[in-house]
Amino acid sequence: MAKDHGSQIKNDAVYEKLRKEGASKEKAARIANAQANGSLDAGGGKLEQRSKAELYDEAKEIGIEGRSSKDKAALVKAIRNH
């Protein structure tokens, strides 16, 4: 069972996994919280329903490099694989 990291972390298990993989505390928290609120839904269509500008902003927030040259489909794939 994942340790409770407080109310700021919405998905403790994802946060811990990312920290073990070497992600910074801030990056792990952002990704864990994005996944908890559904914006990193790996199996559904929520990302596809967002505009390219929204996907770009999400990619910027989680630190995906080369995002300005990516089309919408590439942004979706990069966010899911990040």
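None of the values given here were measured: they were computed from a predicted structure.

Okay, the overall build of the protein next. A tally of helices and strands in the protein yields 4 helices and 0 strands. Helices (α) and strands (β) of the protein occur, in sequence order from the N terminus, as α-α-α-α. Per-residue burial for the protein yields a buried fraction of 32% across its 82 residues. Long-range pairs, those at least 24 residues apart, make up 27% of the contacts in the protein between residues at least 6 apart in sequence. Carbon and sulfur atoms provide 46% of the accessible area of the protein, an area that totals close to 5400 Å².

Within the secondary structure, lysine 27 is located in helix 2 (residues 25–36). Looking at lysine 27, the relative accessible area reads 34%, which means it is partly exposed. When the C-alpha positions of lysine 27 and tyrosine 15 are compared, they lie 9.0 Å apart, and in sequence the two are 12 residues distant. With near-sequence residues (within four places) excluded, lysine 27 lies in contact with Ile62 and His82.

What follows concerns the pattern of salt bridges. One pass over the full model with this rule turns up 4 salt bridges. For glutamate 48, the salt bridge goes to arginine 80, with nearest N and O atoms at 2.9 Å. Taken together, the residues span a long stretch of sequence, with glutamate 48 in the loop between helix 2 and helix 3 (52–62) and arginine 80 in helix 4 (residues 72–81) at a distance of 32 residues. Taking the relative accessible area as the measure of exposure, glutamate 48 reaches 38% and is therefore partly exposed. Across the pair arginine 50 and glutamate 58 runs a salt bridge whose closest N-O atoms are separated by 3.8 Å.

The subject of this paragraph is the packing of helix 1 (residues 12–20) against helix 2. Interhelical geometry of helix 1 versus helix 2 gives an angle of 145 degrees and a closest axis separation of 8 Å. When you trace helix 1 past helix 2, the crossing you get is right-handed. Residue-level inspection shows Val14, Tyr15, Leu18 and Arg19 of helix 1 in contact with helix 2, the latter providing Lys25, Ala28, Ala29, Ile31, Ala32 and Gln35. Looking at the contact of helix 1 with helix 2 residue by residue, the class counts come to 7 nonpolar, 1 polar and 2 charged.

Looking now at the packing of helix 3 against helix 4. It is at 10 Å that the axes of helix 3 and helix 4 come closest, and there the two elements cross at 35 degrees. The handedness of the crossing between helix 3 and helix 4 is left-handed. Across the interface between the two elements, Lys52, Leu55, Tyr56, Glu58, Ala59 and Ile62 of helix 3 pack against Lys72, Leu75, Val76 and Ile79 of helix 4. Each residue belonging to the contact of helix 3 with helix 4 can be placed in one class, and the counts come to 7 nonpolar, no polar and 3 charged.

Cut-offs and rules
- Residues numbered from 1 in each chain as written.
- Predicted model: local features only at pLDDT ≥ 70, side-chain atom pairs only at ≥ 80, totals over all residues.
- Heavy atoms only, no water.
- Helix = DSSP H or I, 4+ residues; strand = E, 2+ residues; numbered from the N terminus.
- Buried < 20%, exposed > 50% of the residue type's maximum accessible area, 1.4 Å probe, protein only.
- Contact = heavy atoms within 4.5 Å.
- Areas by Shrake-Rupley, 256 points an atom, 1.4 Å probe, with all protein chains shown as cover.
- Salt bridge = Lys/Arg side-chain N within 4 Å of Asp/Glu carboxyl O.
- Axes fitted to C-alpha atoms, helices over the stretch in contact; angles between N-to-C directions.
- Left-handed = near helix turned anticlockwise from the far one by under 90°.
- Nonpolar A, V, L, I, M, F, W, Y, C, P; charged D, E, K, R; others polar.

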